[in-house]
Structure formats: C-alpha cells, structure tokens
Amino acid sequence: MRFNDAMTSIKILSDSLISQIAAGEVIERPASAVKELVENSLDAGAEQISVEIEEGGLKRIRVVDNGIGILAVDARLAFERHATSKIRSQEDLFKIRSMGFRGEALASIASIARVELKTHHADERVGSLLEIDGGKEVRFEEAACPLGTEMNIWGLFKHTPARKKYMKSERTEYGRVFDMLCRVALAHPAVGFRLKRDGKDVFDLPSGQSLRERIRTLYGGETANALVPVTYQQSNLIISGYVGKPELARKSKKYQFLFVNGRAIESRSLHYAVTEAFHSLLMHEKHPWYALNIEMDPALVDVNVHPRKLEVKFLNEQEMFRAVRGSVHHALQGEMLSPVMEVSEPVRAHKLSFPQSAPVPQRDFAPAQKTFDLQGTVLRPVAQVANAYIVAESEEGMVLIDQHAAHERVRYARFMNALEKAEPLTQPLLTPLELDLGAAGAKVLEENLKSFQAMGFEIEAFGGSTYLLRSVPAGLEKKDPENLLKEMLADLEKDAVKDKREQILTMAACRGAIKFGDPLTMMEMQGLLADMETTKHCTHCPHGRPALISFSFDKLETLFKRKNF
Ligand code: ADP
Ligand code: MG
C-alpha cells in the first residue's frame, strides 16, 4: 500500500476538530444529546425536567430543569473540553455516583450545533445567557431567568453535515429519544419528567412517584398489575424492582430495564441471568419484562468503559450474575403465576349497554384483576370440552385448563424433583429390548448417556450401535420404546440446544403426558387437578405456554354485564 504525502506528515489537530471527533463518539444521534443533557440535570439535583423535541431533535432540543444552576463564572468553563465539577482525581473516577464525569458532553454538543444556555444558580441574584455556535462564543450576558438551567440545542450536526447524513427519519430519531427518556424516567421515578414533541405534550410524569407508579403511568395498569417485586439485600449490594409475570413477556427486548446506581445500562450477562431465572416459564422466543435497580458500592463497578456510558464492568461479574438470577428466581417462586385472561369484549354490546354519558372504561387503568392462586385452592372438574380442555371450578371462579399443557407441567416437576434427588422415576420393561440405533443415534446417545440414565432410561451398550433397553421413565411404558428413544435422539441431534439434559427432561415430560384430544373420565380429570394443586408453576407448561386461564367470579359478572364498571 502507498501513502500519499498528506498522510505521512504529522500535524496536531485543531481544538474544534478534536471536539468534533470526540462528539462523534459521545453524541451519536439526538437521543444521545438528550441523554447527556438530562443526566446533567439529574446531577444538578433537579426534581423536574422538561424535554422538548422538534423534528426528531435535529432542529431543536430544549431541556429545562430546576436544579442548582451554573454560576456565571462557570458558564463558559462548562463548555470547555474536560471541564467538569464532578470529579477531581483518579480516585474519584473509581467511586462515581454522578451520571456524568468526563466533562465532554457540552463541549461536544457545542462543537456541532448552536447552543443557548440560560442558567441561574441558587446562590446568585441574576442568571446568565451564553450562546455558542460551532464551538465559537456568540454572546455572553446577564439574563433574568428562573432558578435552574435551560439548554437549547439548535441544528444538531449542522457543523458536521457528513454525520447528519447518517440520521434516520425524524420519526425514528424521535422514537429513540422517547425510549431513552422512558429508561431514564424509570431509573429516577422520584423526578418529574415532561416530554413535548413538535409542540404537543407526550407525557407528564409527576415527581415523587414510586417505581410501580411510574410503570403504571408509562405503561398502564395492565402492566403495573402484573409485576412481581424483586428484593435482595447483602452488605454491599441491593437489588430491587420488578419482573413481569410471564404474560408480560414480549417478542421484543424493549421492556428490559437495568439500572446500576441510577444509571440505565445494558448487560448481556445480567440479562441472561434474568432470562435463566424465568427458565421454563417463558416460551422460547419470548423475552421477560423487567425493571431492576442495582445499588452497589461504586468502587465495585467501572462505569468508564463505554463512550456513551451504556455498559459497565463489574469487578465481580459472577457474583452479580448469581445475585440477579437468585433474586428473580426467588421472586418468581413465591408467586403463583396465573395468566391474565385476555377476553376482548364485543364493541357493539359494549356500546349498547353504556350510553354516551357513561365513562368509557379505560383498558389501561382497569381495576386490578383478581389473580388466581392455585395453592390452597381446591379445583373441582365440571366437564371436558373437545377432548382437550377441562372446565373446573373453585371457590373464586372458573378455570379453563389445557389438559396436555397442565399434565406436561406436572410431569416436568416430578422428573425435576427426581433428578434433584437422583432417584430416577423409572418403569422396567417386561422384557429388555434390543435396539439398533444406527451410528448417528448411538453417537447422540453416548454423548447424553448420563442424562438419559438420570431420567429413568436404563440402557447399556450391547456391541456396535446396538443397545439393550431395560426400563423407561415412568409414564412412557405404554409408548413404543424403540420409536420413543429414536425420536428423542433425532430431536436432540436436530436442535442446537445447549442444555441437552433440560431438553431430555422436557421431552420425557411431554411424551408421557395426556394428549390434546384424549378423552378423560371424571376420575382422570380429578387426578390431574389434584396433581396440579401440588405442583409449582402449574399455570404454565414447561415451554412457557399457559396451562390454565382463570376467570374470577368478579370478571364473569363484568363480562356478562351483571356489574357496573
Ligand atoms: P460532565 O457532566 O461530565 O461533568 P458536561 O460537559 O456534561 O460534563 O457538563 C460540564 C459541567 O457543566 C458539569 O460538570 C456541570 O458542572 C455543569 N452543568 C452542565 N449542565 C448542568 C445543569 N443542567 N445544571 C447545572 N450544572 C450543569
Ligand atoms: Mg454531563
């Protein structure tokens, strides 16, 4: 490769270019500018923060706070690179409690846009106004303004047109601002946040809210009512917040919020910890809903590892993983998770029974649905429908059960229990069976032999790819053992699932379960319901599908319009 002359002579870059380069890392898009400004407001102790966005933030971003304000002598300094009031020494860098610390954001923003700062420090009689365009001061004067700080950013990226080309549509950029602000607002429920888009109010979140209240205001009552509280406390680590019951799980990962000392962060490992804790409660492609706060000694977490401070590094990643997984697991264990029944009410009937004067019931703010608690509940079978569903009743209402899903869960729990005790639930065959599994089948079996044995398959090598099968897991004895084993091996080979033992367990639970379509006698239904009452997480099958849907008497009365809203 040949270099041209311009590339071989070394020059020190101008300050403005240095700032613009730095801006490239810190201010990637309007949402990152809003994030930096809002974080400054939080660091200034603001209780109320208002954000206004025009044209996706590219035309104008306005952030107003009622924080401490900036002293007139400091106003210019705030826009210098590496100028910060938040840290002084290297030591400080490792115990950061503030959102900002690098002193880069304002300098970066001012180098690529026109910035107007109006600020009034609580200790001063009057405020100041400072305007900077592309890093150059335009004016600086005394100004009458309320206590706190107002930042106006006009024409973000106007001085770096090449970067502006990378911006997506106004709608997309606005969407990122919205998501980002929701994140910050959840991390700081005690602070009031207001958002306006192109002159229109989007939300107004009052100050002094609890996390649950904030979730309710942002995402509605249905979400807020399906939260399971998480608590964990150790000397230097507190985990609090909520995970959503399985019915809140979504295909998108949008509703996953993780905060470390008030900072919204992303962490693959901790995300995985939450997902693992949900284990068999969720369907494969569904992601859990969660908003978790981690409060910890700032010396044990490095927040200075990502240009936009989105990722952090924990000194003891493993301990964090275990704490998060453990606390979420514990929270879910204590909860009998009953799926919320989704019945859409016919619109016509609704209109008929509620003349115009009646208030339209707002779905989001509907009263809490009485959730169904299986433990302690006695279920009585009433009938079977379509050889697939069981209608049952309890003291609290009516329950519809997916017979296969429910039995699958009962079996799964039993096998799991047997595995934990290392006492396989096994059923000997009348005569041992000689099976030729073929080379491929034999390979998969050998790789997972221990798991098969732990599950109740008594099987031993008989030379070549031939094996002798002596017993099968309980409940599978009525199946054709040869077919069963071969199918399971084929499935194991096909799927690139990591946890093969878990998969074998799920397969054993599923294969021996009552089928969708099996007619059941009253006795059989009774038996299944009795088993369900003593099985944990019986509201969902091991794949995470609901196994029962409950209708409280309250809900039935509402549906049949016996009760007013
Ligand atoms: P950092 O936040 O890393 O210190 P910034 O460039 O974001 O760097 O801000 C520089 C300084 O300006 C801050 O340290 C703070 O002293 C001051 N500042 C910025 N925004 C505000 C605000 N809204 N209220 C009070 N002070 C502010
Ligand atoms: Mg800052």
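In what follows, the structure referred to is the one given above.
Please read these numbers as outputs of a predicted model, since none were measured by experiment.

K.L.:
Before we move on, can you summarise the nonpolar core with the specific residues and values?
P.N.:
Core analysis: the largest hydrophobic core is formed by 62 residues, its most contacted members being Val38, Phe79, Leu156 and Phe193. The element contributing the most residues to this core is helix α8 (residues 170-187), with nine residues. Beyond its immediate chain neighbours, meaning those up to four positions away, phenylalanine 193 contacts Val38, Leu42, Gln48, Ile49, Leu181, Val184, Ala185, His188, Phe203, Asp204, Leu205 and Arg214. In terms of nonpolar packing, the next biggest core, distinct from the first, is built from 34 residues, Ile87, Phe278, Val301 and Ala323 among them.

K.L.:
So what about unusual backbone geometry? Which residues, and what values?
P.N.:
Trans is the prevailing form of peptide bonds, just as negative phi is the prevailing case for residues other than glycine. Its identity as a non-glycine residue notwithstanding, aspartate 198 has a phi of 45°, on the positive side. Relative to the assigned elements, aspartate 198 resides in the loop between β7 (192-197) and β8 (200-205). Phi is positive for lysine 561, which is not a glycine, with a value near 55°. Relative to the assigned elements, lysine 561 resides in the segment after α20 (553-559). Using a relative accessible area of 31% as the deciding quantity, one classes lysine 561 as partly exposed.

K.L.:
Go over empty space enclosed by the protein, please, and point to the residues and values.
P.N.:
The final tally for this structure, using the stated rule, is three cavities of 30 Å³ or more. Space inside the largest cavity adds up to approximately 50 Å³. What lines the largest cavity is Ile96, Arg97, Ser98, Met99, Val260, Asn261, Arg263, Val301 and Val303.

K.L.:
How would you explain the site of ligand 1 if you had to name every residue and give the values?
P.N.:
Residues in contact with ligand 1 amount to 18 residues; listed here are only the nearest, Asn40, Thr84, Ser85, Lys86 and Gly103. Aspartate 65 places a polar side-chain atom, nitrogen or oxygen, 2.9 Å from a nitrogen atom of ligand 1. Between ligand 1 and the protein, one listed contact pairs an oxygen atom with a side-chain N or O atom of lysine 86 at 2.6 Å. Computed on the free molecule, ligand 1 has an accessible area of 520 Å², of which 92% lies beneath the protein chains in the complex.

K.L.:
Kindly report on the packing of aromatic side chains, identifying the contributing residues and their values.
P.N.:
Under the criterion given, the structure shown has nine aromatic pairs. Ring centres of tyrosine 219 and tyrosine 255 lie 5.5 Å apart, and the angle between their planes is 85°; this geometry places the pair in the edge-to-face category. Taken as a pair, tyrosine 219 in helix α9 (residues 211-219) and tyrosine 255 in the loop between β10 (237-244) and β11 (256-260) lie far apart in primary sequence, 36 residues in all. Given a relative accessible area of 24%, tyrosine 255 falls into the partly exposed group.

K.L.:
Which residues make up the sheet that holds strand β22 (residues 548-552), and what values do they have?
P.N.:
With antiparallel pairing, the four strands of this open sheet are ordered in space as β16-β17-β18-β22. In this open sheet, the two strands that pair with only one neighbour each are β16 (380-385) and β22. The average angle at which neighbouring strand axes cross in this sheet is 20°, direction not considered. Here β16 runs beside strand β17 (residues 389-393); their pairing, made up of five bridges, is antiparallel. Residue pairing for β17: glutamine 384 is matched across the bridge by isoleucine 390. Contacts between helix α14 (residues 403-421) and the sheet are confined to β16, β17 and β18 (397-402), with β18 contributing the most and set at about 80° to the helix.

K.L.:
If you had to explain the sheet that holds strand β1 (residues 48-54) to someone new, which residues and values would you point to?
P.N.:
A sheet is described by the order of its strands in space; here eight strands give the open sequence β5-β4-β3-β6-β2-β1-β7-β8, paired in mixed fashion. In this open sheet, the two edge strands, each paired with only one partner strand, are β5 (136-143) and β8. Pairwise comparison of adjacent strand axes, ignoring direction, gives a mean angle of 10° for this sheet. Here strand β3 (residues 114-120) runs beside strand β4 (residues 127-133); their pairing, made up of six bridges, is antiparallel. Paired with lysine 118 across the two strands is leucine 129, which belongs to β4. Of the strands in this sheet, β1, β2 (60-65), β6 (148-154) and β7 are in contact with helix α3 (residues 30-43), which crosses β2 at around 15°.

K.L.:
Describe in detail the pairing of strand β21 (residues 466-473), supporting the description with residues and values.
P.N.:
Taking burial as the measure, the eight residues of β21 include seven buried ones, the bulk of the element. Across seven bridges, the pairing between strand β19 (residues 426-436) and β21 is antiparallel. Paired with glutamine 427 across the strands is valine 472, a residue of β21. Hairpin connection between strand β20 (residues 458-461) and β21: a loop of four residues separates the two successive antiparallel strands, and glycine 463 in this loop has a positive phi of roughly 100°.

K.L.:
So, a nonpolar patch on the surface: which residues are in play, and what are the values?
P.N.:
A cluster of nonpolar residues, Leu13, Leu17 and Ile21, forms a patch on the protein surface that exposes about 250 Å² of accessible area. The topology assignment puts isoleucine 21 in helix α2 (residues 15-26).

K.L.:
How would you summarise the packing of helix α15 (residues 438-447) against helix α17 (residues 481-494) if you had to cite specific residues and measurements?
P.N.:
One can describe the packing of α15 onto α17 by two numbers: an axis separation of 9 Å at closest approach and a directional angle of 80°. Classified by the angle their axes make, α15 and α17 are roughly perpendicular. On α17, the residues touching Ala440, Gly441, Val444 and Leu445 of α15 are Leu489, Leu492 and Glu493. Here the contact of α15 with α17 is built from residues that sort into five nonpolar, one polar and one charged.

K.L.:
Lay out α14 in plain terms, naming residues and giving numbers.
P.N.:
An ideal rise of 1.5 Å per residue puts 27 Å on 19 residues; α14 measures up with 27 Å between its terminal C-alpha atoms. For α14, the N-terminal cap is aspartate 402; the gap from its side-chain oxygen to the backbone nitrogen of histidine 404 is 3.1 Å. Two residues or fewer past α14, alanine 422 is found with a positive phi of approximately 55°.

K.L.:
Before we move on, could you go through the pairing of β7 and cite the residues and values that matter?
P.N.:
Here β1 runs beside β7; their pairing, made up of six bridges, is parallel. When the bridges of β7 are listed, glutamate 52 appears paired with lysine 196. Sheet topology places β7 next to β8; five bridges connect them, and they run antiparallel. Bridge pairing links lysine 196 to aspartate 201 in β8. A loop of two residues connects β7 with β8, the two strands running antiparallel in sequence, and aspartate 198 in this loop sits at a positive phi of about 45°.

Cut-off values and rules
Residues numbered from 1 in each chain as written. Chains lettered and ligands numbered in written order. Predicted model: local features only at pLDDT ≥ 70, side-chain atom pairs only at ≥ 80, totals over all residues. Heavy atoms only, no water. Core = buried A, V, L, I, M, F, W, Y, C linked by side-chain atoms within 4.5 Å. Buried < 20%, exposed > 50% of the residue type's maximum accessible area, 1.4 Å probe, protein only. Helix = DSSP H or I, 4+ residues; strand = E, 2+ residues; numbered from the N terminus. Contact = heavy atoms within 4.5 Å. 1 Å grid on protein atoms, 1.4 Å probe; cavity = no way out; pocket = protein on both sides within 12 Å on 5 of 7 lines; lining within 4 Å. Points joined across faces, edges and corners; volume = space filled by probe spheres on them. Near = heavy atom within 4 Å. Polar contact = N/O pair within 3.5 Å; in protein donor to acceptor, adjacent residues only side chain to side chain. Areas by Shrake-Rupley, 256 points an atom, 1.4 Å probe, with all protein chains shown as cover. Phe/Tyr/Trp six-rings, centres within 6.5 Å; stacked < 30°, edge-to-face > 60°. Pairing = 2+ DSSP bridges. Axes fitted to C-alpha atoms, helices over the stretch in contact; angles between N-to-C directions. Patch = residues over 30% accessible without salt bridge, like charges linked within 9 Å, V, L, I, M, F, W, Y side chains within 5 Å. Salt bridge = Lys/Arg side-chain N within 4 Å of Asp/Glu carboxyl O. Parallel < 35°, antiparallel > 145°, perpendicular 65-115°, else oblique. Nonpolar A, V, L, I, M, F, W, Y, C, P; charged D, E, K, R; others polar. Expected span 1.5 Å × (residues − 1).

Nothing here speaks to function; it is geometry throughout.
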